[in-house]
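As a plain string of letters, each chain reads:
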Amino acid sequence: MLRTGFILGNELRKFETEYARYNHTRYAIGVSNGLDALTLSLRALGIGPGDEVIVPSHTFIATLLAVTHVGATPVLVEPRMETYNINPDLIERAITKRTKAIIPVHLYGQACEMDSIMRIAKAHNLFVVEDNAQAHGALWNRKMTGSWGHANATSFYPGKNLGALGDGGAVTTDDEGLAEHIAMLRNYGSKEKYYNEVPGYNNRLDELQAAFLRVKLRYLDEWTRQRQEIACWYNNALQSVTGITLPYTHPQATHSYHLYVIRTAKRDAVQDRLRQKGIGTMIHYPVPPHLQKAYRYLGHKPGDFPIAEELAKTVLSLPLWPGMNRNMIKATAEHLG
């Protein structure tokens, strides 16, 4: 019998079950991309106009876009220079009567300091929505990223550690009611076709992407192990190179190395030198969110978030993917020295 379940079919249901199990949560809801995963999470939590959401000042723009898409205001907090992740010591002073949630971003693959963040959230009755787009499989205190918050968003963009053939994403949660609400929101606000309970959206993960992700999920732990091994090779090869700051991993965290990010005051010159040798690099991210034209209306100016601005001037992501060998790392290191 010919099957025509292209949307919300068996492959998606199986992937949601398997990804929830992998991520140590009760539920996973497949959605169209990581931004929609964040936006639907905030909307399902009732966050909207007049509310504030705390976000890191050093992150991809999608973190802020989700906040403004629901009509709320992003409140930026600086990261720790060492880990690049939001600094919990600075969160509490940013909380106001309008604050409703915190979005910690596990940037570049390293887990945020989630026990401190959850403690602050509980003390102030705030929601936590993890942005887990870059850290599939990472741990804080032996607990999986994407399993701490009330609702947690991830991305399956092709370049992610767990990547689809195109765009894709998911929300993970232990809250049954929240999972049902997000599942409705992604599908026109409907549980049953043509019967709509809330104003919803078309934010569904399709069957082809779900089937592809099911296969890749089986290899994710091995790919993460390879990424961590390659990062060790880089650390050993670059430890004696002057003028370069290597990635630092907090002793209570693990790092899935979505990206291997160094810092150097001569970033542009280093990038150009590597480019001339045929070695591609990227800058994640060259303009901090508070200086983006899209968020000029927030009223921030240069100097308001100096750590984010310093990182934007100095970070450089070196090549890293499963399957790299020591000779590739050696060649990159030789041109950095």
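The structure presented is a predicted model; accordingly, all values stated were derived computationally and were not measured.

Each value, and the rule that gives it
- Residues numbered from 1 in each chain as written.
- Predicted model: local features only at pLDDT ≥ 70, side-chain atom pairs only at ≥ 80, totals over all residues.
- Heavy atoms only, no water.
- Buried < 20%, exposed > 50% of the residue type's maximum accessible area, 1.4 Å probe, protein only.
- Helix = DSSP H or I, 4+ residues; strand = E, 2+ residues; numbered from the N terminus.
- Pairing = 2+ DSSP bridges.
- Right-handed = clockwise from strand over helix to strand, strands pointing away.
- Axes fitted to C-alpha atoms, helices over the stretch in contact; angles between N-to-C directions.
- Contact = heavy atoms within 4.5 Å.
- Arc of directions from axis to C-beta.
- Polar contact = N/O pair within 3.5 Å; in protein donor to acceptor, adjacent residues only side chain to side chain.
- Core = buried A, V, L, I, M, F, W, Y, C linked by side-chain atoms within 4.5 Å.

Enquirer: In this structure, what is going on with the pairing of strand E2 (residues 52–56)? I would like to understand it.
Expert: Side-chain positions along a regular strand alternate between the two faces of the sheet. Judged by how many residues are buried, E2 sits mostly within the fold: five of five residues are covered. A two-sided burial pattern is seen for E2, the buried positions comprising Glu52, Ile54 and Pro56 on one face and Val53 and Val55 on the other. By the bridge criterion, five bridges tie E2 to strand E3 (residues 73–77) in an arrangement that is parallel. Each bridged residue has a counterpart across the sheet, and for Glu52 the counterpart in E3 is Thr73. Once you follow E2 into helix H3 (residues 62–69) and on to E3, the crossover reads as right-handed.

Enquirer: Please explain the sheet that holds strand E8 (residues 151–155) as it appears in this structure.
Expert: Hydrogen bonds along the backbone pair up the strands of a sheet, which may run parallel or antiparallel. The seven strands lie next to each other as E1-E9-E8-E5-E4-E2-E3, forming an open sheet whose pairing is mixed. Each edge of the open sheet is held by one strand with a lone partner, namely strand E1 (27–31) and E3. Averaged over neighbouring strand pairs, the angle between their axes works out to 25° when direction is ignored. Inspection of the sheet shows strand E4 (residues 99–102) paired to strand E5 (residues 127–131) by two bridges, in the parallel sense. Opposite Ala101, over in E5, you have Phe127 as the bridge partner. Sheet strands in contact with helix H2 (residues 34–44) are E1, E5, E8 and strand E9 (169–173), and its direction is about 165° off that of E8. Taken strand by strand, H3 contacts E2, E3 and E5, and its axis lies near 175° from that of E2.

Enquirer: How should helix H11 (residues 326–336) be read in this particular structure?
Expert: In an α-helix there are 3.6 residues to a turn, and that puts residues three or four apart on one side. Buried within H11 we find Ile329, Thr332, Ala333 and Leu336. Buried positions in H11, seen along its axis, are confined to an arc of 100° and lie on one side of it. Exposed residues pointing more than 90 degrees away from the buried face of H11 are listed as Asn327, Lys330 and Glu334. Capping the start of H11, Asn325 holds a side-chain oxygen 3.1 Å from the backbone nitrogen of Asn327, two or three residues further along.

Enquirer: How should I be thinking about the nonpolar core in this particular structure?
Expert: Nonpolar side chains in soluble globular proteins tend to be buried together. If you look at the biggest cluster of nonpolar residues, it comprises 60 residues, and the most contacted ones within it are Ile103, Leu238, Tyr260 and Leu318. Leaving out residues up to four positions away in the same chain, Leu318 has contacts with Tyr234, Leu238, Tyr260, Ile262, Leu274, Thr281, Thr332 and Leu336. With 19 residues, the next largest nonpolar core counts Ile91, Ile102, Trp148 and Ala253 among its residues.

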